[in-house]
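# Summary of structural features
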Amino acid sequence: MIRTSSIIPWLGCLLILALSDAARIRKDLNSSNSDDRIIFGRLLAAMDSSANPLDDFHTYSSGNYGSSGNGVNKNYRLHVATQEKIIPKFLAVFQKLKNSSYESGSLEEKVFRFYNLCEKDARISITDVQPDVNLSWPFNTTEGSQWPKEQFQWIRTLAHLRRYGMKNAIFRMNLKWDAENSLYRVVIKKPKFATHSDYVDLEKEDLIKIGYRDTRAESLEHDIESLQKDIRDLVIEAEATIPQTLSLIELESKLGVLLSSYFEIVFGHPLPLSFQVEVDDMDYLIKIVKLINRKDPEVVATYLLDRFVMFIKSSSRLEENILGAQKLKVFQTEMDRLFAAVQKQFNFRLDRSSSNLSFTSSLRKKLSFITINIGNMPKDQDHRRFATEYYSDLHFNNDTEFGTIHLKALELRERNLLMRLNKPTLAYPYPEDPERLFEVGSVENGNVIIVPYNILVEPFFMIHSDDVFKMSTQGYLLASLVEKALFPEEVRAHNCQKYDQFLAIFDDQKLLKNRSSCNYDDYFKISKELVLLNLVYEAFFSEGSGFSHSQPTFTNMSLEQLFFLSFSQNIFGNDDWWKHDSIIYNPLLQLTSFTRAFNSSKLA
């Protein structure tokens, strides 16, 4: 069963922003000291000042996280902690909906029914989704009869499940923005095994519960695990290659499967055989098709069923929050201001770079077109009207099961997003990947940075707090997204030398000297993050930055110390950042600004 708490954030995607126009900024404009005290109080409560900041800065900054009585949750990772702050707000809004009456078919009525059924029984539904027309899942076979495995075509089943948004199984098919031609292209990539939800979750007991006999359940569990291992091995073995673009008929000839049938099911209409498809890794795609074709159809079908169940369980979103137009405007203004400071530093380094002029000119042009969007919602439309129109085709009729209306909502959302293939200028939201961790934002259409509301929740973002807290957290996150916009990950994968040249432009302290992204290990990753951190530090502390550098009245700590403490707690909170080859170390010692801040300072 899906927990109600895991569904609540997904409901936020269903209109909360549009419904909450009564929300207002709660802080008085003159209460900046109050905001500072709140955010600094949390920072101070997490610190263990008995540790030496130069020897063990992780313990110094975060050693008291989770200690009893200090009011700081042990889940100090930003995306986890912010979710815990947001969910109660959603619950409060939905409880208010219970006490009102709504016009049938209205936006409010849809949200109310969705939440009401979720609260009563949030079990997922697999009976509403079948592997193909006139074909049931193997476990639904009538006793005494055989499942017609000869009718099962895994490519068609994968397509039916893709209509609800499930991408990360066997291969991933998505839309990719082509900035040069201002349109979306279809791209096929290998799957990822990055989180728990990317792995099969069915055990023998689960298979018995859904109808399999004991002996078959045991062998099926083993075979599914073996299939997953084979898929994962292929993913690991596949080396990064330059993407290929082929016509649909060329791709079908290479693979020996009817991809035209797959696309017709996914998009709801046939695509011409001349339609161009981009393939990230052709070798993987050829091998995975051969692998799946030689597996037992019942094993493949049950594997896909499990992947779909895991997708439904994890289909929670945190794109919208509970705020009205006034607060949204303030958030947009604040993030635009932070972005301008970060953008200025990127431009400064591009201007003084000795790299190839055409390369830096291209980067400068890209940088000039980057914009910020809060919550993946339109800036120039009434949100209530937008959400009403977006979900106008969502009809619950007489449905009484949460699982049924959940699937309807997922299918409609995915259909709206996939429509961009033929209508690239459709209004928001952009078609971000529901299976991608949406923790700190994303880059859409190559130049739109989507800032999710969860990184703007109090006390991690206080509107009237000192800018040092904003720049060290939200400013850093913006810098990391700018880097992705200027040099997308899919380009980096097959052009590491060019990526090294790109990073060198912004690496003032030569942190990546004698290192290459061609060997993208943990040490390289941390060093790259420090390059961005140093850029954000300069964006705040450099002369003419526009930020106040006055000593705060709420502490004797210097602004420099507050900057690194805030960054460490909110961004480098994971223990993995502070270990190299299992040995504890302090990566921040590579920054001269850090050693300067903690060598001569007054510690609180």
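Please read these numbers as outputs of a predicted model, since none were measured by experiment.

What counts and how
Residues numbered from 1 in each chain as written. Predicted model: local features only at pLDDT ≥ 70, side-chain atom pairs only at ≥ 80, totals over all residues. Heavy atoms only, no water. Helix = DSSP H or I, 4+ residues; strand = E, 2+ residues; numbered from the N terminus. Buried < 20%, exposed > 50% of the residue type's maximum accessible area, 1.4 Å probe, protein only. Contact = heavy atoms within 4.5 Å. Areas by Shrake-Rupley, 256 points an atom, 1.4 Å probe, with all protein chains shown as cover. Pairing = 2+ DSSP bridges. Axes fitted to C-alpha atoms, helices over the stretch in contact; angles between N-to-C directions. Phe/Tyr/Trp six-rings, centres within 6.5 Å; stacked < 30°, edge-to-face > 60°. Salt bridge = Lys/Arg side-chain N within 4 Å of Asp/Glu carboxyl O. Arc of directions from axis to C-beta. Disulfide = S-S within 2.5 Å.

Turning our attention to the overall build of the protein chain. Along the backbone of the protein chain there are 23 helices and 9 strands. Every one of the 604 residues in the protein chain was classed for burial, and the buried ones make up 54%. For the protein chain, restricting intrachain contacts to residue pairs at least 6 apart in sequence, the fraction spanning at least 24 positions comes to 73%. As displayed, the protein chain has an accessible area near 27000 Å², and 48% of this comes from carbon and sulfur atoms.

Attention now moves to the sheet that holds strand E1 (residues 172–178). Strand pairing in a sheet relies on backbone hydrogen bonds, with the paired strands running either antiparallel or parallel. Within the open sheet, the 4 strands sit side by side as E1-E2-E4-E3. Their pairing is mixed. Here the strands that pair on one side only, and so sit at the sheet edges, are E1 and strand E3 (244–247). Shown here is a sheet whose adjacent strand axes are inclined to one another by a mean of 35 degrees, direction ignored. As paired strands, E3 and strand E4 (residues 276–279) are joined by 4 bridges and run antiparallel to one another. Looking at E4, one finds that leucine 246 is bridged to valine 277. Contacting strand E2 (183–189), E3 and E4, helix H10 (residues 248–255) crosses the sheet at an angle of about 100 degrees to E3.

For the structure shown, the criterion picks out 34 aromatic pairs. Ring geometry for phenylalanine 57 against phenylalanine 598: centres 5.1 Å apart, planes inclined by 65 degrees, an arrangement best described as edge-to-face. In this pair, phenylalanine 57 is assigned in helix H4 (residues 57–62) and phenylalanine 598 in helix H23 (residues 592–599), connecting sequence segments 541 residues apart. Since its relative accessible area comes to 6%, phenylalanine 598 is described here as buried. Their ring planes at 40 degrees and their centres at 5.2 Å tell us that phenylalanine 487 and phenylalanine 502 sit as a pair that is tilted. Of this pair, phenylalanine 487 sits in the loop between helix H18 (467–486) and helix H19 (489–492) while phenylalanine 502 sits in helix H20 (residues 496–506), and the two are 15 residues apart along the sequence. Ring-pair connections join several aromatic residues into one group, and the members of that group are Phe57, Tyr60, Tyr537, Phe540, Phe541, Phe547, Phe563, Phe564, Phe594 and Phe598.

So, on to the pattern of salt bridges. This model, assessed by the stated rule, comprises 25 salt bridges. Between lysine 167 and glutamate 414 there is a salt bridge whose closest N-O contact spans 3.6 Å. Taken as a pair, lysine 167 in the loop between helix H7 (154–162) and E1 and glutamate 414 in helix H17 (residues 402–418) lie far apart in primary sequence, 247 residues in all. A relative accessible area of 2% means that lysine 167 is categorised as buried. Two residues, aspartate 467 and lysine 470, come together in a salt bridge whose shortest N-O distance is 3.7 Å.

Attention shifts here to H23. Among all positions in H23, only Ser593, Phe594, Ala597 and Phe598 are buried. Seen end-on, H23 carries its buried residues on one side only, within an arc spanning 115 degrees. Contact partners of the buried residues in H23: H4, helix H21 (522–541) and helix H22 (559–570).

Omega for the peptide link from glutamate 458 to proline 459 comes to 5 degrees, which places this bond in the cis form. Even without a glycine there, the phi angle at asparagine 134 is positive, about 60 degrees. In this fold, asparagine 134 is placed in the loop between helix H6 (107–120) and H7. By relative accessible area, which is 75% here, asparagine 134 ends up exposed. The phi dihedral of asparagine 514 is positive, around 65 degrees, even though this residue is not glycine.

It is worth spelling out the sheet that holds strand E5 (residues 371–374) at this point. Spatially, 3 strands are ordered E5-E7-E6 in an open sheet, and the strand pairing comes out mixed. Two strands lie at the open edges of the sheet, namely E5 and strand E6 (442–444), each paired on one side alone. Each adjacent strand pair in this sheet contributes to an overall mean axis angle of 35 degrees, direction not counted. Judged from the 4 bridges that link them, E5 and strand E7 (residues 448–451) form a sheet pairing that is parallel. Within E7, the position partnered with threonine 371 by the bridge is valine 448. With respect to the sheet, H18 is in contact with E5, E6 and E7, its orientation differing from that of E7 by roughly 145 degrees.

With respect to the element layout, alanine 51 can be found in the loop between helix H3 (32–46) and H4. We classify alanine 51 as buried; its relative accessible area is 15%. For the pair formed by alanine 51 and serine 61, sequence separation is 10 residues and the distance between their alpha carbons is 8.7 Å. Setting aside its immediate chain neighbours within four residues, alanine 51 contacts Asp56, Thr59 and Tyr60.

Glancing now at the state of the cysteines. Summed over the entire model, instances satisfying the criterion amount to 1 disulfide. Put simply, cysteine 496 and cysteine 518 are joined by a disulfide, and their sulfur atoms are 1.9 Å apart. Looking along the S-S bond of the cysteine 496-cysteine 518 disulfide, the torsion reads about 85 degrees, which is the right-handed sense. Taken as a pair, cysteine 496 in helix H20 and cysteine 518 in the loop between H20 and H21 lie far apart in primary sequence, 22 residues in all.

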